[in-house]
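# Inside the fold
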Amino acid sequence: MNGTGRTSRKKQSKQHRSANRSNSQQTMSGTVSKKQQAILNAPVKLGDEVLVTIHGIGSSGEGVGRVDDFTVFVPFALPGETVKVAINMVKKTYATGRLLEIVTMAPNRIDASCELYGFCGGCQLQHITYEGQLSLKTQKVKDVIERIGHQNPDLVKPALGPKEPWAYRNKMQMPVGGTKGNIQMGFYAMGSHDIVQGTNCPIQDEGNNIIAQACYQIAKEFDIEPYDEHTGKGVLRHIIGRIGQSGWMIILVTVTEQLPHKEKWVEKLTERIPQVETIVHNVNGKRTNVILGPKNNILYGDGTITDHIKDLRFTLSPHSFFQVNPEQTTVLYDQALAYADLKGDETVIDAYCGTGTISLFLAHKAKHVIGIEIVEPAIINACENAKRNGYDNTEFIVADAAVEMPKLYKAGVRPDVIVFDPIRAGCKEEVLTSAAGMEPKRIVYVSCNPATMARDIEILTHYGYELKEVQPVDMFPMTAHVEAVALLTRSKATQ
């Protein structure tokens, strides 16, 4: 089986010769660093073709194997497989290889259903059955809980997946590139910003595919100049679609203050897509990887759509954060609520509350909920969401949790439950120490990065908390990502 992202043998040979020549020169001059010496001593060299037995899965979905006890990462290889690999990068402690051939195939390997798989960087696990994906994700959480958190991996339950692992994404962001007269729109290639042309994605809600195809055709009809991220010139840089229960939102992101043919855009989009509720022109003139700029011009509708999580109603603007998998969001939040085990008289702190989604789930059963979030527009949305859903037992604070949590601790606030839902980097230690000092009966940790969650759990155990259970939830089928919810309780010895 051929691997994807091929590098020519000529290029590999040139790289190999260059690396050897450089290493030889460094050795002769006596300036070889410890890092360079480690690379020279590695059992594999650039361009080598080696057999690797895959024993695990990496954080990005790549297979992990060893050659003479030296780690080799192989994209698209699966645990249990023996594969032939061309080494394309060697570092101090690991190497990466391009899959050339599968010598022994895993029983759960399947053919990917998407024709762009392996070129587009959006999915990493389409080559394994969905049951196999859930098993890999469960093991991924077990591994970090044991290796980083120093906890019993048996506390991790099997990952919860959706009934249907396709067509789940309610938000689409497609970059625009190419040249005037030859516009390109689709997905970034693996590991780069090269655009892979395509306007049909099987993990997107079909509504987003309809939006993408219509916008691509209209941009071609108007001969819109695409954005060139190398020069910073051009006009159209991203197309964004959001599917809500009330209707659909389309966001056209340009470098320029003006959107060419804006009236015609509205006319054609509303004519071709009757489900459209609002159309927004967003201006982002900065040389940045951030997709949305600060300025929105509403072209059609009021600039918002409405969506629901169970009985909670949320109004979404272009900058609003909202989970992209509605079905699994309910599963994730229900699990967090179950671990919180609220009876109705508790005070709860939601330390990274965002727009208040988890806070409102908690407010349904708690006496009082305090939400903390550093992003002010998110707190404004949280207050609006609480009012819209009739909750007056919530309090939202604009602050860095690492600053506010110690303040609340010193002020004598003693919540019954604390909920964490931090960014991928996890919690700062000031947050964890303050939380432990408040002595809540339960801590519920919602994580988009189980590795940093495991690190934080290990810290909390030193402050008298015991890990009771971890529930992985697959929010992003076909990708290497997995979320998890953990429950910690105060040990009897510290109560």
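Residues numbered from 1 in each chain as written. Predicted model: local features only at pLDDT ≥ 70, side-chain atom pairs only at ≥ 80, totals over all residues. Heavy atoms only, no water.

This part is about the sheet that holds strand 6 (residues 171-179). Ordered by their spatial adjacency, seven strands build an open sheet running 8-7-6-9-10-11-12, and the pairing between neighbours is mixed. Looking at the sheet topology across the chains shown, the edges are occupied by strand 8 (195-197) and strand 12 (295-300). Direction aside, neighbouring strands of the sheet carry axes that sit 35° apart on average. Relative to strand 7 (residues 182-188), strand 6 runs antiparallel, the two sharing four bridges. Note on strand 7: the bridge partner recorded for V176 is M185. Across the sheet, helix 4 (residues 206-221) lies against strand 6, strand 7, strand 8, strand 9 (236-243) and strand 10 (248-254), angled at about 150° from strand 9, the strand it touches most. (Pairing = 2+ DSSP bridges. Helix = DSSP H or I, 4+ residues; strand = E, 2+ residues; numbered from the N terminus. Axes fitted to C-alpha atoms, helices over the stretch in contact; angles between N-to-C directions. Contact = heavy atoms within 4.5 Å.)

With 15 residues, helix 6 (residues 326-340) extends 21 Å from end C-alpha to end C-alpha; this agrees with the ideal 21 Å at 1.5 Å per step. Of the residues making up helix 6, those classed as buried are Q328, T329, T330, L332, Y333, Q335, A336, L337, Y339 and A340. Buried residues belonging to helix 6 abut strand 13 (305-309), helix 7 (357-363), strand 18 (417-420), strand 19 (442-447), strand 20 (465-473) and strand 21 (483-490). One or two positions beyond helix 6, positive phi appears at D341, with a value near 50°. (Expected span 1.5 Å × (residues − 1). Buried < 20%, exposed > 50% of the residue type's maximum accessible area, 1.4 Å probe, protein only.)

Bringing a positive patch on the surface into the picture now. A contiguous patch of positive charge, built from K34, K35, K91 and K92, is present on the exposed surface. Topologically, K35 is positioned in helix 2 (residues 34-41). Note on K35: relative accessible area 49%, which makes it partly exposed. (Patch = residues over 30% accessible without salt bridge, like charges linked within 9 Å, V, L, I, M, F, W, Y side chains within 5 Å. Areas by Shrake-Rupley, 256 points an atom, 1.4 Å probe, with all protein chains shown as cover. Salt bridge = Lys/Arg side-chain N within 4 Å of Asp/Glu carboxyl O. Lys, Arg positive; Asp, Glu negative; His and termini not counted. Charge placed at Lys NZ, Arg CZ, Asp CG, Glu CD.)

The next subject is unusual backbone geometry. Negative phi characterises most residues that are not glycine, and trans characterises most peptide bonds. Non-glycine residue H261 carries a positive phi angle of around 60°. Along the chain, H261 turns up in the loop between strand 10 and helix 5 (262-272). Given a relative accessible area of 42%, H261 falls into the partly exposed group. Unusually for a residue other than glycine, M478 sits at a positive phi of about 80°. Topologically, M478 is positioned in the loop between strand 20 and strand 21.

Turning to the environment of H127, a few remarks are in order. Locating H127 in the fold gives a position in the loop between strand 5 (94-104) and helix 3 (130-147). A residue is classified by how much of its surface remains accessible, and H127, at 3% relative accessible area, is buried. Those residues in contact with H127 that sit more than four places away from it in its chain are F76, A77, L78, N108, R109, I110 and Y117.

So, on to the UniProt feature "binding site: S-adenosyl-L-methionine" (unreviewed entry) in the protein. Listed under "binding site: S-adenosyl-L-methionine" (unreviewed entry) in the UniProt record, and renumbered for this structure, are Q323, Y352, E373 and D421. Mapped onto the secondary structure, Y352 falls in the loop between strand 15 (347-350) and helix 7. The residues contacting Y352, other than those within four sequence positions of it, are I372, E373, A401, F420, D421, P422, G426, C427, K428 and V431. Within the secondary structure, E373 is located in strand 16 (residues 368-373). Exposure remark for E373: the relative accessible area of 13% places this residue in the buried category. Each residue touching E373, except ones within four places of it in the same chain, is listed here: Y352, C353, G354, A378, I379, I397, V398 and A399. (UniProt positions renumbered as here; feature names shortened; annotations may be inferred.)

On to the environment of A77, then. Here A77 is to be found in the loop between strand 3 (70-74) and strand 4 (82-90). Given a relative accessible area of 0%, A77 falls into the buried group. Sequence separation between A77 and C201 is 124 residues, and the spatial gap between their C-alpha atoms is 23 Å. Residue contacts for A77: discarding those within four places in its chain leaves I54, I57, E62, G63, V83, R109 and H127.

Membership of the largest hydrophobic core comes to 105 residues, with the highest contact counts inside it found for V83, C215, W265, L269, L362 and V444. Here the element with the most residues in this core is helix 4; it accounts for seven residues. One finds I397, L408, M453 and A454 within the second-largest nonpolar core, a separate group that totals 37 residues. (Core = buried A, V, L, I, M, F, W, Y, C linked by side-chain atoms within 4.5 Å.)

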